[in-house]
Every structure is written in structure tokens, then in C-alpha cells.
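Each chain is listed here by its residues.
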Amino acid sequence: MSKKVIMLLIDSLMYPSLQKAVNEGKASALQFFMDHGKLYQDVVSPFPTMSVNVDSSLLTGTYADKHQIPGLVWYNETERRLINYGSHIRELVKLGLMKSLQDIFFHLNNEHLSKEVKTIHEELADQGLTTASINTLIYRGKFDQMLKCPFPLNIIPSIKNKNFTKGAKQFTYGSFSKQSPRKKYSHFWNRYGFNDSFSAQEFIYLIESNLLPHFSIVYFPDMDKTVHKHGPLDTKGLQSLDLNLQKILNSFSTWEDALTNNIWILLGDNGQAPIENDPERALIDLRKLLGSYRIMKLREKTPSKEDEIVLAVNERMAYIYPVNEVRVPTKDIVKQLQSDDRIDVIAYKKNDHIHVVSSVKEGELIFKKGGPYVDPYNQSWEINGNIDILHLSINNNTISFDLYPDALARIYSSLTSHQGDYITVSAKPGFEFIGEGSPTHVGGASHGGLHKQDSLVPMIVTGTKSAPKYLRIIDLKDWILSLI
């Protein structure tokens, strides 16, 4: 009988703070898993490094060019509107709260996530195997599940009290769909159950009820907020997380017993880069930088004939959409973006080539899929121009990455993730983008960018000597399926 696979997906888990907490004796559960398993320090996250994109890549084994969830915020050219899965309540209200809630709770999994790819839950269900999804943003499976609006959302006339969705066999989505009869940690003041304690409580219910399926994925969201506020080396969030991991281990007869018949995978979803303390310097206001153009207001919902640009800000990354290419050529917007030395990567697609420029390096890098140069992930590329823009090294036709892990595939995927012609920008560490109503993290930390500080996450594995083919989140799906 094969072991059951348990994945604990921990938002903003990073190696430096993990090592710091363990060395200071503040994370006994994490230390236990590390002592009994193998630690991988540098697993590459997708770009943009936003949780909704990461979850989609993890569960489908593909980048956004295949799963088609471009980021937390993006512009849907077909519907001519911004999609926002929850950047900040200010932006959701301006875009239309009811529409945004539909995008978050229903459209994301049932419509926006490509039907051309299968999730782990769907793959295993096809084999007659069971899975559990607890609090993950992406959860699509084969089984009908009900999302029931909790109080006080259920008294709002325009919100449907019940919605059906496709999920895993054992399914928790905050207090909208839960398995345990316990109500603790699930009230509106607990973010409707989207918190670490509720995730642990629901998973412990499966353990104590002898309901563990072949594969379980449990999402712990809380550390994202503490790192945003206190910076990348904050360990307060890790200590709180560790207490919930201890509760999970305590639900077995012994901690060692938890390892006996289970493979445990503890994984971060994205890193975070520090943000400078001076808001004038730290925040790249795209409305000011591109102030010579008419930018769509969020309350307009859809671009008018006068609008020239739509902004979709994903913290340290942004999509910029020229919605009137005749009046505002892409090259003019790119030139304006290059005037700000806080932006280190500016990329756009022209025909079948990707063009990359920088605010601090001369020239241009142009690349496309297929060619004489091969990267560490056995992907081949045609490359021309200044490779220093992406800090690439090429030796005997072999590409090496430095500041931007798997840079070519990740940039390519972002620029082919959805319809339309648009520009992607990534900020240097220390800075983040803002638009209308964007959240800010001055003096703390932020993510979304291409830089390795946003992109590298640790993974702890116990119960197997097997390892994924490559240390990228998109390579974990096939590895997990092989374990089961």
C-alpha cells in the first residue's frame, strides 16, 4: 500500500526566516519535519509570484500560458473588464463588489482556470483515488460541492446564498464549505475561516475521523500578512504557524507516528522582497509615471473611447494594457517606463518574439521558444541582444540564470497567459507598484516580481527519497502523482 501524500502549502514561507526561527528554537514542528526529511531551499515559483497564479501552477503542473490564470489582477479583453481576485477591498468595491465576489468564489475555478489542463484532484479522481482540498484558492475537482454564504453575507439580497462548484471529494473553503462540526475560527471576524487555525482544525478532523484521502493539500494563509507588515525576516508568523503544525502532529498518537504511513510536503508559495521605508521612494505610482495617458478609472468598469491604458497591479509586478494602440503605441509606453530606475524588467510580445528592456541596462533582449540555447530545465530558446538585462550567462549554448530564476519561461508564460497585447513590468527589490486603490507595504515586504527574492521558496519532504525532476513548482504535480 502506497503512503498517503500530505501537502501543507504555507503562504510566504521563506528559507532565511525558516532557518532563523529553527535556530532560535521557535519552530519545533518545522524543525521536526526538517530533522526527519530533506530540505530544498530554492524551489522556483511562477511569475507573477502571486498566490492565485502559484496555486494554479502547482495543481495543474503548468505555467500561466497553459492554465490561463495570469495573476491576482488582470484585464479580460473579451469581457472588457478588470478581473480582481482580492487585492484590496477598495479596488473590489470600485470594480463592483458583487461581480468581484463572483470572480473569487466561482469564476476563478469554474470558468477562468483553463479546461485544457487537469488539476491533481481531477487526475486522481480519474484513477478512482480520493483527494482533499482545505482552504486552497484553486481547488477544482470532479465532485459537486456547495458554497453556502455565511452570516452576514447571506442577508445581502444581491448575493446568492448557495452556489455549486466543482471541488475535491473532501472539500473545505472557509466557512462557505466545511467538514468539521466545530465552529471555532470560522466567523466573519476570523475572515470566514480563511486562517491558519481553521485550516488546521479542518485537517485534524480528517485525521481523527480516519478520513485521510490519498492526497491532501492544506493552505495556511496567515503568514502573508505578517511578512507584508514586518518584512522577510519576521518570525512571529512562523511561530504562530508552528503552533498549528504542532496541533496537527499531536492529533496522531506520536509525532513519529505521523510520519509512518504518510509523505509530508511543506512548501512555500512565493517569497517576499523588502520594501523601503520612504513611501515617496518605495511606491512606483504608475498613474504618475504614465500620467500623460488617459488611464481607465476602476469605477468605469470598462474602458471608454477616451481611455488609452488599463492598469492591473500585482504588487511588485503589473500588467499594462494599451487599449488604444493607434493613439498610444506600445513602444511609447515602454520608453516612458524606462525613465524610472526602480523598474528592472519591462517585457512585451511582438509577433512571436518576446522583447525585454530595462531602466538601468542598455539595449534590448529578444527571445522566442525553440532554438540553439538550452536552459537548466531542458527548454530551448532563440536569443538575441543584451543577455545582461536578465542576468543570463551562456556557455557552450547552455543558459544559466542568476537574479531571475527560469526567467525566459516565466516571462514568456506571463505574456501568453491571456488574450491581448500588453506589457509586463517587474520592480527592483525595495519597491512596489501602485495604481488606484492598490495595497501598500512600505517598510515591510511585498511580492509579485520576477526577482529571486520573490521567486525562491523552501520545501521540506519526509517519507520518500524521491525528488521532483526539477525544483520548480510546475514540476511538483507529476512528482506527486508518481508518489501516489
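Quick caveat: nothing in here was measured; it's all calculated off a predicted structure.

(A) Region of the structure containing the overall build of the chain. A tally of helices and strands in the chain yields 17 helices and 24 strands. For the chain, whose C-alpha radius of gyration is 22 Å, the value lies close to the compact-globule estimate of 23 Å for 484 residues. Its C-alpha atoms give the chain principal-axis dimensions of about 65 × 60 × 45 Å. When burial is assessed residue by residue, the chain has 60% of its 484 residues classed as buried. Taking the contacts inside the chain whose residues are at least 6 apart along the sequence as the reference set, 68% of them involve residues at least 24 apart. Taken together, the 54 basic and 54 acidic charged side chains of the chain have centroids lying 5 Å from each other.

(B) Main features of the packing of aromatic side chains. For the structure shown, the criterion picks out 21 aromatic pairs. Between Y319 and Y422, the aromatic rings sit 5.5 Å apart at their centres with planes inclined by 85°, giving edge-to-face as the arrangement. Here Y319, found in strand 14 (residues 317-322), pairs with Y422, found in the loop between helix 15 (407-415) and strand 21 (423-427); they are 103 residues apart in sequence, far enough to count as distant. Overall, the relative accessible area of 4% leaves Y422 in the buried class. Note on Y377 and F401: the rings are 6.4 Å apart at their centroids and 20° apart in plane angle, and the pair reads as stacked. Of this pair, Y377 sits in the loop between strand 17 (365-374) and strand 18 (380-385) while F401 sits in the loop between strand 20 (398-400) and helix 15, placing them 24 residues apart in sequence.

(C) Quick look at the environment of K183. The topology assignment puts K183 in the loop between strand 8 (170-172) and helix 8 (196-208). Here K183 falls in the exposed class, since its relative accessible area comes to 58%. Sequence spacing of K183 and I387 is 204 residues, and the spatial spacing of their C-alpha atoms is 55 Å.

(D) Region of the structure containing the nonpolar core. In terms of nonpolar packing, the biggest core is built from 88 residues, with I265, L267, L390 and I480 touching the most fellow members. Ranked by residue count, the leading element in this core is helix 15, at six residues. Aside from chain neighbours lying at most four places away, what touches L267 is M7, L8, L9, I10, L13, V43, L58, V457, P458, M459, I473 and L476. In terms of nonpolar packing, the next biggest core, distinct from the first, is built from 38 residues, M14, A29, M34 and L259 among them.

(E) Highlighting the side chain of D344. Residue placement: D344 occurs in strand 15 (residues 343-350). Despite its burial, D344 pairs with no opposite charge; the closest candidate is R316, at 6.0 Å N-O. Ignoring any residue separated from it by four or fewer positions in sequence, one finds D344 in contact with V357, S358, Y404, S426, A427 and K428.

(F) Just helix 6 (residues 97-112), in detail. The terminal C-alpha atoms of helix 6, which comprises 16 residues, lie only 18 Å apart, well short of the 22 Å expected from a rise of 1.5 Å per residue. The sharpest bend along helix 6 comes to roughly 60°, located at F106. Burial in helix 6 covers these residues: S100, L101, D103, I104, F105, H107, L108, N109, N110 and H112.

(G) Here's a closer look at empty space enclosed by the protein. According to the stated counting rule, one finds one cavity of 30 Å³ or more in the structure shown. As a volume, the largest cavity reaches approximately 50 Å³. In terms of lining, the largest cavity is formed by M50, L72, S87, E91, V313, N314, E315, F433, S438 and P439. Taken together, the residues that form the lining of the largest cavity break down as five nonpolar, three polar and two charged.

(H) Looking closely at the sheet that holds strand 5 (residues 131-134). If you walk across this open sheet you meet the seven strands as 2-24-10-1-9-5-8, and the pairing is mixed. With partners counted over all chains shown, the strands left at the sheet margins are strand 2 (37-44) and strand 8, one partner each. Adjacent strand axes in the sheet meet at a mean angle of 15° when their direction is disregarded. Here strand 2 runs beside strand 24 (residues 456-462); their pairing, made up of six bridges, is antiparallel. Bridge pairing links V43 to V457 in strand 24. Across the sheet, helix 17 (residues 476-483) lies against strand 1 (4-10), strand 9 (215-220), strand 10 (262-268) and strand 24, angled at about 170° from strand 10, the strand it touches most.

(I) Looking closely at the packing of helix 1 (residues 15-23) against helix 2 (residues 28-35). Two numbers describe how helix 1 lies on helix 2: the axes approach to 9 Å, and their chain directions differ by 105°. If you check the angle between helix 1 and helix 2, you find them roughly perpendicular. Of helix 2, the residues touching helix 1 (which contributes L18, Q19 and V22) are L30, Q31 and M34. When its residues are assigned to classes, the contact of helix 1 with helix 2 shows four nonpolar, two polar and no charged.

(J) Region of interest: the pattern of salt bridges. The final tally for this structure, using the stated rule, is 23 salt bridges. Between D454 and R316 there is a salt bridge whose closest N-O contact spans 2.8 Å. Of this pair, D454 sits in helix 16 (residues 452-455) while R316 sits in the loop between strand 13 (309-314) and strand 14; the two residues are 138 residues apart in sequence, bridging distant segments of the chain. One exposure class covers both D454 and R316, and it is buried. The partner of D352 in a salt bridge is K368, and the shortest N-O contact between them spans 3.0 Å. Within this pair, whereas D352 is found in the loop between strand 15 and strand 16 (353-357), its partner K368 is found in strand 17, the two being separated by 16 residues in sequence. Taken together, the shared-partner salt bridges in this structure form one network comprising K20, E24 and K26.

Calculation notes
- Residues numbered from 1 in each chain as written.
- Predicted model: local features only at pLDDT ≥ 70, side-chain atom pairs only at ≥ 80, totals over all residues.
- Heavy atoms only, no water.
- Helix = DSSP H or I, 4+ residues; strand = E, 2+ residues; numbered from the N terminus.
- Rg over C-alpha atoms; globule rule 2.2 N^0.38 Å.
- Buried < 20%, exposed > 50% of the residue type's maximum accessible area, 1.4 Å probe, protein only.
- Contact = heavy atoms within 4.5 Å.
- Lys, Arg positive; Asp, Glu negative; His and termini not counted.
- Charge placed at Lys NZ, Arg CZ, Asp CG, Glu CD.
- Phe/Tyr/Trp six-rings, centres within 6.5 Å; stacked < 30°, edge-to-face > 60°.
- Core = buried A, V, L, I, M, F, W, Y, C linked by side-chain atoms within 4.5 Å.
- Salt bridge = Lys/Arg side-chain N within 4 Å of Asp/Glu carboxyl O.
- Expected span 1.5 Å × (residues − 1).
- Bend = angle between axes of the 7 residues up to and from the residue.
- 1 Å grid on protein atoms, 1.4 Å probe; cavity = no way out; pocket = protein on both sides within 12 Å on 5 of 7 lines; lining within 4 Å.
- Points joined across faces, edges and corners; volume = space filled by probe spheres on them.
- Nonpolar A, V, L, I, M, F, W, Y, C, P; charged D, E, K, R; others polar.
- Pairing = 2+ DSSP bridges.
- Axes fitted to C-alpha atoms, helices over the stretch in contact; angles between N-to-C directions.
- Parallel < 35°, antiparallel > 145°, perpendicular 65-115°, else oblique.

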